[in-house]
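Understanding the architecture of this molecule
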Amino acid sequence: MSHRIQFIRPFLMMAALLLSAGAWAQSTLSQNQDGFNGEKMDGFMNMDPDKDSTVVERTVSKDYYQFNINTNTGLPDIIQPDTLHHSFHNAHLTEGYFGTYSHLGNMGSARLSRLWFEREHPKDFIFDAPYDYWVKDASDFRFTDAKSPHVSIDYYKGGNKRTGEEHLKGYFAANFSKRVGIGFDLDYQLGRGRYANQSTSMFDSRLYTYYRGDIYQIYVTANRDNMKMAENGGIHNKLYVTNPEAMAEGRKQYSPEDIPFRMYDNWNNIKRHQALINQELSIKRTTHRTDSIGDTVLTFTRVAELGKLAHTLEVGQLQRRYIYYQIPDGYYSNRFLTNDSLDLMKNFYVTNTVSLSLLEGSTKWAIAGLSAFARYEFRRFVQPDTIAGSGEYMRRYSEGDFSVGAQLEKAQGDNLTFRAGIETVLLGTNLGDFTLDGNMELKYPVFGKEAIIGGFADMSAKNSPFFYASHHSTYAWWDKDFKKEFRTHFGGYIDLEMTGTRFQLDVENVANYVYLKNVGGTYTTADATPVVQPSYSITAAQYNGSIQILSARLQQNFKLGPLHWDNNVTYQLSGNKKVIPLPDLNIFSDLYFKFVYYKRLHIEVGANALFFTRYAAPGYCPAVGSYHLQSDSFIQEVGGYPLMTGYVNCSLRGVRFYIMYYHFNDGLLSNRDSFIVPGYPANPGMVKFGLSWTFFD
């Protein structure tokens, strides 16, 4: 995969040079409009010919907006493009902008948020959930409406060619007219891995087009994802990180590449193919009004759009395969299939949604938009199975649901906005499942600054995802009959621009919680330096009771001239830390100077630190490609270690770029316990660079 980046890079640089040269030439031509007059501009003689009065100068518009399709209402939802300068240096980090996600160290590795209320409800195909920062469903795709064709390119690089990481992504968007738009997205990231057998490779390609007529509109998008993650099973002995002198008998330090890990030649491979087609019919009302001025009779015609009738079709084929060649004896407690078995899971689905919407503001009575929808979803799952005495085969499961729902939303206005929605399954496998949610937000000025007060609540009852209820693979096998999981969540927040304060409080009650856990024991490695390690036997379980989770999150930003200090502190309390383990505190602090150089170059120079309290964090198992509770016979706590990063973050005329030294305190403190996931240390110190550039024609 590294050859692909090597092949793409020269063409990327050439395209950037050509486009930037063209933009400079166009800027020069637009400035030098007086012809040859002997005047100097920017230190050079103006040699432009006389202006041709027959030539009409073209102004390139940089206006554009992005939107996705709401699969409930079938309507476009406007999304703010990612153009922010502040914290851009965190955009490519797997741990997220505020360091709230734990992962296996390498860029692109499986991750899980340490904050309970950042975790999404699991879907049937649970295997791509640890890659939610990179994987996007077809319904999450961003369409672009651009007045001028443009290309956006992001490039990121960290480390060297042998063990470093690179990320290249971009999109092209163009409109033939106000009605027709086309474009495509490409996203490729390669994490070679500072530690052994840790590489990740992910490639995503998406195409889209749309037509928006007065009566009929259609939006089409399709994507293809291919992800391959090497699995090293965790470090052989944590002393290689926490006390390397002891492992080297005081003679040397170990480089990251030389530290032994537990597994070799193991991979998880995920492939995704999805498509979405949305069609809309506008419902309009035409009114006529006559008036007279003297002997002249005038007729006024007004066309108002009252609503939309929409149909949305989604199709997807999702596949996950576990590839294994070398498994240490004792690493897995059980084996259910033979050596040459195909450890493969598939999920195919087709969803049809029909909706009818009354648009907000379409009449004087329509103070909010109202939508009703009906949906049918067909799902097919495939996984290995066995017949006594007859070997193995791939078993297929088919199911479907018919559901109805409604949504009420007020999105317009400067003060009060709100939304409420409900959906319930009337027929099918998940009969009785429902989701009820809503939120509201009130804005008002305080001493000329904006203040926001908001509240939210949701309630749901759902069957467990298919691959939580049934899972057949070489090293994990179970079939369960779980009760519906019931959740009630509510909270509120206040956001004060004047003081740079945002405080949010969340409370949730979870009944019949379904989760993964390790019920395996331990084993002792058979090598020169034997060590006790956990043995994996993963299964799904249900807690027959209620668990309460409380979260209080404070974002407080201070400013004194060019000095800024941003803080994000989250306190969490789990009613059952054995079933839902959470760190009590998660802190992200960012101290930086922010200033403008020569009125154009915006610069941020600073350092940030991530810290969370120690807790028995969920472990990770390659055989299921998911996070799980640790075995009672082998508990490892992580946390209590500050991970620090220094950076210079810049923006010049819309071009964003940065250089950073990630984990600069590696090896500098007496505390070297840099494990964020049990058995998986954070990456050692590394220089990283990033660039984002948008070209307009």
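Residues numbered from 1 in each chain as written. Predicted model: local features only at pLDDT ≥ 70, side-chain atom pairs only at ≥ 80, totals over all residues. Heavy atoms only, no water.

Let us look at the overall build of the chain. Of regular secondary structure, the chain possesses four helices and 37 strands. In the chain, buried positions account for 47% of the 697 residues. When contacts within the chain are restricted to residue pairs at least 6 apart in sequence, those whose partners lie at least 24 apart make up 66%. For the chain, the exposed area adds up to about 34100 Å²; of that, 59% sits on carbon and sulfur atoms. (Helix = DSSP H or I, 4+ residues; strand = E, 2+ residues; numbered from the N terminus. Buried < 20%, exposed > 50% of the residue type's maximum accessible area, 1.4 Å probe, protein only. Contact = heavy atoms within 4.5 Å. Areas by Shrake-Rupley, 256 points an atom, 1.4 Å probe, with all protein chains shown as cover.)

Our focus in this paragraph is unusual backbone geometry. A negative phi holds for most residues other than glycine; trans holds for most peptide bonds. Unlike most non-glycine residues, D265 shows phi in positive territory, near 55°. Along the chain, D265 falls in strand β13 (residues 264-293).

This brings us to the pattern of salt bridges. Scanning the entire structure with this criterion turns up 30 salt bridges. For R272, the salt bridge is made with D128, and the minimal N-O distance between the two is 2.5 Å. Here R272, found in strand β13, pairs with D128, found in the loop between β6 (111-113) and β7 (143-146); they are 144 residues apart in sequence, far enough to count as distant. Note on R272: relative accessible area 0%, which makes it buried. (Salt bridge = Lys/Arg side-chain N within 4 Å of Asp/Glu carboxyl O.)

What follows is about the nonpolar core. Counting 42 residues, the largest nonpolar core has Y131, M227, Y332 and F467 as the members making the most contacts within it. Elements with a contribution of two residues or more to this core: β12 (216-230), β14 (296-326), β15 (344-358), α4 (466-469), β24 (501-518), β27 (538-560) and β31 (619-621). Filtering out sequence-adjacent residues up to four positions away, M227 remains in contact with Y131, W134, V135, S201, M202, N268, N269 and I270. Y156, I259, V638 and Y662 belong to the second largest nonpolar core, which has 25 residues in total. (Core = buried A, V, L, I, M, F, W, Y, C linked by side-chain atoms within 4.5 Å.)

So, about the side chain of N70. Residue placement: N70 occurs in the loop between β3 (64-69) and β4 (76-79). Here the side chain of N70 touches N72 through a polar contact of 2.8 Å, landing on its backbone nitrogen. In contact with N70, other than residues within four places in its own chain, are L75, D77 and Q407. (Polar contact = N/O pair within 3.5 Å; in protein donor to acceptor, adjacent residues only side chain to side chain.)

The pairing of strand β20 (residues 449-462) with strand β23 (residues 485-496) spans twelve bridges and is classified as antiparallel. For F456, the partnering residue across the bridge sits in β23 and is G491. Here eleven bridges tie β23 to β24, and the two strands are oriented antiparallel to one another. Among the inter-strand pairings, G492 is bridged to a residue of β24, identified as L505. Counting the residues in the hairpin turn of β23 and β24 gives four residues, including G500, whose phi is positive at 65°. (Pairing = 2+ DSSP bridges.)

With respect to the helices, strands and loops of the structure, D566 is situated in strand β28 (residues 563-574). Counting along the chain gives 23 residues from D566 to S589, while the straight-line C-alpha distance between them is 5.8 Å. Beyond its immediate stretch of four places on either side in the chain, D566 contacts H86, Q556, N557, F558, F588, S589, D590 and Y592. At 3.2 Å, the side chain of D566 forms a polar contact with the side chain of H86.

Moving on, we come to the confidence of the model for the chain. Taken as a whole, the chain shows an average pLDDT of 88; of its residues, 89% reach a score of 70 or greater. Note that pLDDT drops below 50 for residues 1-49; the model gives that stretch 44 contacts with residues more than four away or on any other chain. (pLDDT = per-residue confidence, 0-100.)

The three strands are arranged β4-β3-β7 in an open sheet whose pairing can be described as antiparallel. One side of each edge strand has no neighbouring strand; the edge strands of this open sheet are β4 and β7. Across the sheet, the mean angle separating the axes of adjacent strands is 35° when strand polarity is ignored. Pairing analysis gives four bridges linking β3 to β4, with the strands arranged antiparallel. If you follow I69 over to β4, its bridge partner there is P76. (Axes fitted to C-alpha atoms, helices over the stretch in contact; angles between N-to-C directions.)

What follows is about the packing of aromatic side chains. By the definition in use, this model includes 41 aromatic pairs. Ring centres of F141 and Y208 lie 5.3 Å apart, and the angle between their planes is 50°; this geometry places the pair in the tilted category. Of the two residues, F141 sits in the loop between β6 and β7 while Y208 sits in strand β11 (residues 200-212), which places them 67 residues apart along the sequence. The residues F141 and Y208 share a single accessibility class, namely buried. Centroid distance W267 to Y325: 6.1 Å. Interplanar angle 75°. Geometry classified as edge-to-face. Taken together, the positions of W267 in strand β13 and Y325 in strand β14 put the pair 58 residues apart, joining distant regions of the chain. (Phe/Tyr/Trp six-rings, centres within 6.5 Å; stacked < 30°, edge-to-face > 60°.)

Attention now moves to the side chain of D154. Mapped onto the fold, D154 is located in strand β8 (residues 150-158). Although D154 lies buried, it forms no salt bridge, and the closest oppositely charged side chain, K169, sits 4.4 Å away as judged by the N-O distance. There is a polar contact of 2.7 Å between the side chain of D154 and the side chain of S692. Beyond its immediate chain neighbours, meaning those up to four positions away, D154 contacts H92, H167, L168, K169, L691, S692 and W693. (Lys, Arg positive; Asp, Glu negative; His and termini not counted.)

Attention now goes to the pairing of β7. Burial along β7 is two-sided: the face carrying F143 and D145 and the face carrying T144 and A146 are both buried. As paired strands, β3 and β7 are joined by four bridges and run antiparallel to one another. Looking at the pairing, Q66 lines up with T144 of β7.

A few words on the environment of I603. Checked against the element boundaries, I603 lands in strand β30 (residues 601-612). The exposure class assigned to I603 is buried, which follows from its relative accessible area of 11%. The spatial distance from the C-alpha of I603 to the C-alpha of L652 is 8.9 Å, given a sequence separation of 49 residues. Not counting residues up to four positions away in its chain, the partners in contact with I603 are H85, F593, K594, F595, Y597, V648, N649 and C650.

Next up on the list: the environment of P681. Counting through the fold element by element, P681 comes out in strand β36 (residues 680-681). Each C-alpha atom of the pair P681 and L104 lies 7.1 Å from the other, and the pair is 577 residues apart in sequence. Apart from the residues within four sequence positions on either side, P681 is in contact with L104, G105, Y195, I235, V241, F261, S674 and F675.

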